[in-house]
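Fold and contact review
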Amino acid sequence: MGATASATRSSIPKFCARKLAAVEPSSVNPSSPFVGLPAALVEEVLNRTTHVAQGLLGSFSRAKEQRTELRRQLCEAKLLWHRSELGPAPFPTVCATDGSYAIERLLTTDLVAAAAVAVEGLTPPSETRYWAQPHHHVYVQAEPHHEATATILRAMMLGQELQLARCAPHDLVLLDGTLTLPIIYFNQALNAAPRAPQLHTGQTFLAGAEQYLHAYRELLTLTRNDKQIVAMPKYSTRREIGQLLGWPDQQDDRGLLSAVLHPGELTRPLPLQAPEQPWHFSTAALPQPLRGAIDRLAQDVTAALNRVHVFYYKPQTWLPALRIEVAESVARSRERMAIVVQGLDMQCATPAMLEPYPNFLADRMVKALAKALPAFRQVATHHIAERFEGDVEEVFFAMHGYRSDSGRK
């Protein structure tokens, strides 16, 4: 066999041999990110990346030159505060929530899972821990192939997350994502679920939709002053301050303010950037009486969304500016703002994490769901194979995974 392979290789023209060597897997470090890519493709991408880097360098240099001017504009507009202006605040108890979903697409069915977790943060010295371990909601189901599965599953995941935030006994609850995301995901699922009656996921979402919206309305209003719920999206294209002050369109507020703000500084809360179309719920496809209940809640939710405020805060030198979205009741109270800032200061205690401590833990937990789903599929496959009375080969064909889809907010 070896002699045949050697003879075959020796019969290859020299120019073909050189091309073969350029993509030979054995010639590449297995840990290299370029494994499996043609050498010429890698070289071209690297060359183009160099040109991209030159353009970014110019952009960063211009932003650095403008930093002083941007600070001056913030000060003149009275948008720049220091945390000391909020007054003293007690150390709050803190938790964070996050969620993820995953779909293992098999030959005959889909294995779907959604999970939401709530993780307690660092505890103040004068307080005892509320939770001995993280709290969670989880959903696992086998579904027929359907294009609406991911849409509905994602909304269910977010609804479970909002319920955990609503029930948490902590003074400060940190959400991963923006406060406007639930209305987008819920709208998509409220349209899709009634049109997919064969999906157990859709029926489960509709059964919990009213409770999800109750939780959403509560965190958007927060009439109780003993609890603050804030949303902190990692990625945002919003430009409330940039539009107000006429800043360059090339960068969003968070990117610019990360360089402009000093540790301990925050911006004055401003109303959230209005959408191109008014916030609304599409409930025409829902059956009665669910439609009536959702319509009543939708009026409160959309009214509260129009009053959401946003501010930016830089807790430490090593952190980017945090984009923080809050209910109007929090934005209008310096005492409640002080609790939010105090809690973020306490949870951003190490440069090893570029986000508050409980957000970091919750993020790591939910990311593990997609990685674990193939293992759950194998457990189910072995369980079926042990009890199946036909040809076991049929089981392994049916449960063969073609690809996995996963997502978060």
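Relevant structure appears above.
Quick caveat, the model's predicted, so the values are computed rather than measured.

Notes on the packing of aromatic side chains
All told, the structure shown has 4 aromatic pairs when counted by the stated rule. Both rings, one in Phe-186 and one in Tyr-212, keep their centres 6.2 Å apart while their planes meet at 15°; by these two values the pair is stacked. Here Phe-186 is found in helix 5 (residues 181-192), whereas its partner Tyr-212 is found in helix 6 (residues 200-221), with 26 residues between them in sequence. For Tyr-212, a relative accessible area of 6% corresponds to the buried category.

Digging into the side chain of Thr-201
Tracing the chain through its elements places Thr-201 in helix 6. Among the polar contacts made by the side chain of Thr-201, one reaches the side chain of Tyr-139 at a distance of 3.2 Å. Leave out the neighbours within four places in its chain, and Thr-201 touches Val-112, Tyr-139, Glu-143, Ile-152, Leu-153 and Met-156.

Here we look at the environment of Leu-172
Position of Leu-172 among the secondary structure elements: in strand 5 (residues 172-176). Taking the relative accessible area as the measure of exposure, Leu-172 reaches 0% and is therefore buried. Along the primary structure Leu-172 and Lys-227 are separated by 55 residues, whereas in three dimensions their C-alpha atoms are 6.0 Å apart. If we skip the residues at most four places from it in the chain, Leu-172 touches Thr-93, Val-94, Cys-95, Gln-228, Val-230, Ile-339, Val-340, Gly-343 and Leu-344.

What about the nonpolar core?
Formed by 96 residues in total, the largest nonpolar core has its most connected members in Phe-186, Phe-205, Tyr-216, Leu-220 and Ile-324. Not counting residues up to four positions away in its chain, the partners in contact with Ile-324 are Val-230, Ala-231, Met-232, His-309, Val-310, Phe-311, Tyr-313, Val-340 and Leu-344.

Observations regarding the packing of helix 4 (residues 149-167) against helix 5
As a packed pair, helix 4 and helix 5 sit with axes 8 Å apart at the nearest point and diverge in direction by 135°. It follows from the interaxial angle that helix 4 and helix 5 lie oblique. Pair helix 4 / helix 5 crosses with left-handed handedness. Of the residues in helix 5, those touching helix 4 at Thr-151, Ile-152, Arg-154, Ala-155, Leu-158, Gly-159 and Leu-162 are Leu-181, Pro-182, Tyr-185, Phe-186, Gln-188, Ala-189 and Ala-192. A class-by-class count of the residues in the contact of helix 4 with helix 5 yields 10 nonpolar, 3 polar and 1 charged.

A word on the pattern of salt bridges
According to the stated counting rule, one finds 16 salt bridges in the structure shown. When the shortest N-O distance is used, the salt bridge between Arg-323 and Glu-240 registers 3.0 Å. Of the two residues, Arg-323 sits in strand 10 (residues 322-326) while Glu-240 sits in helix 7 (residues 240-245), which places them 83 residues apart along the sequence. Here Arg-323 and Glu-240 have matching classes, each one buried. Arg-323 is the partner of Glu-325 in a salt bridge, and the nearest nitrogen-oxygen pair spans 3.1 Å. For the pair shown, Glu-325 and Arg-323 are each scored as buried. Through salt bridges with shared partners, a single ionic network connects Glu-69, Arg-72 and Glu-76.

Side note on the pairing of strand 9 (residues 309-314)
Where burial is concerned, most of strand 9 is hidden: 6 out of the 6 residues are buried. Residues His-309, Phe-311 and Tyr-313 of strand 9 are buried on one face, and the alternating residues Val-310, Tyr-312 and Lys-314, pointing to the opposite face, are buried as well. Across 2 bridges, strand 7 (residues 265-267) lies against strand 9 in antiparallel orientation. Across the sheet, Glu-265 pairs through a bridge with Lys-314, a residue of strand 9. Across 2 bridges, strand 8 (residues 270-271) lies against strand 9 in antiparallel orientation. The residue bridging Pro-271 from the neighbouring strand is His-309, located in strand 9. By the bridge criterion, 5 bridges tie strand 9 to strand 10 in an arrangement that is antiparallel. In the sheet register, Val-310 faces strand 10, and the bridge partner there is Glu-325.

Re helix 5
Between its first and last C-alpha atoms helix 5 spans 17 Å; for 12 residues at 1.5 Å apiece the expected length is 16 Å, and the two agree. Helix 5 sits mainly inside the fold: 9 of its 12 residues count as buried. For helix 5, the complete set of buried residues consists of Leu-181, Pro-182, Ile-183, Tyr-185, Phe-186, Asn-187, Ala-189, Leu-190 and Ala-192. Buried residues belonging to helix 5 abut helix 4, helix 6 and helix 9 (290-305).

What counts, and at which threshold
Residues numbered from 1 in each chain as written. Predicted model: local features only at pLDDT ≥ 70, side-chain atom pairs only at ≥ 80, totals over all residues. Heavy atoms only, no water. Phe/Tyr/Trp six-rings, centres within 6.5 Å; stacked < 30°, edge-to-face > 60°. Helix = DSSP H or I, 4+ residues; strand = E, 2+ residues; numbered from the N terminus. Buried < 20%, exposed > 50% of the residue type's maximum accessible area, 1.4 Å probe, protein only. Polar contact = N/O pair within 3.5 Å; in protein donor to acceptor, adjacent residues only side chain to side chain. Contact = heavy atoms within 4.5 Å. Core = buried A, V, L, I, M, F, W, Y, C linked by side-chain atoms within 4.5 Å. Axes fitted to C-alpha atoms, helices over the stretch in contact; angles between N-to-C directions. Parallel < 35°, antiparallel > 145°, perpendicular 65-115°, else oblique. Left-handed = near helix turned anticlockwise from the far one by under 90°. Nonpolar A, V, L, I, M, F, W, Y, C, P; charged D, E, K, R; others polar. Salt bridge = Lys/Arg side-chain N within 4 Å of Asp/Glu carboxyl O. Pairing = 2+ DSSP bridges. Expected span 1.5 Å × (residues − 1).

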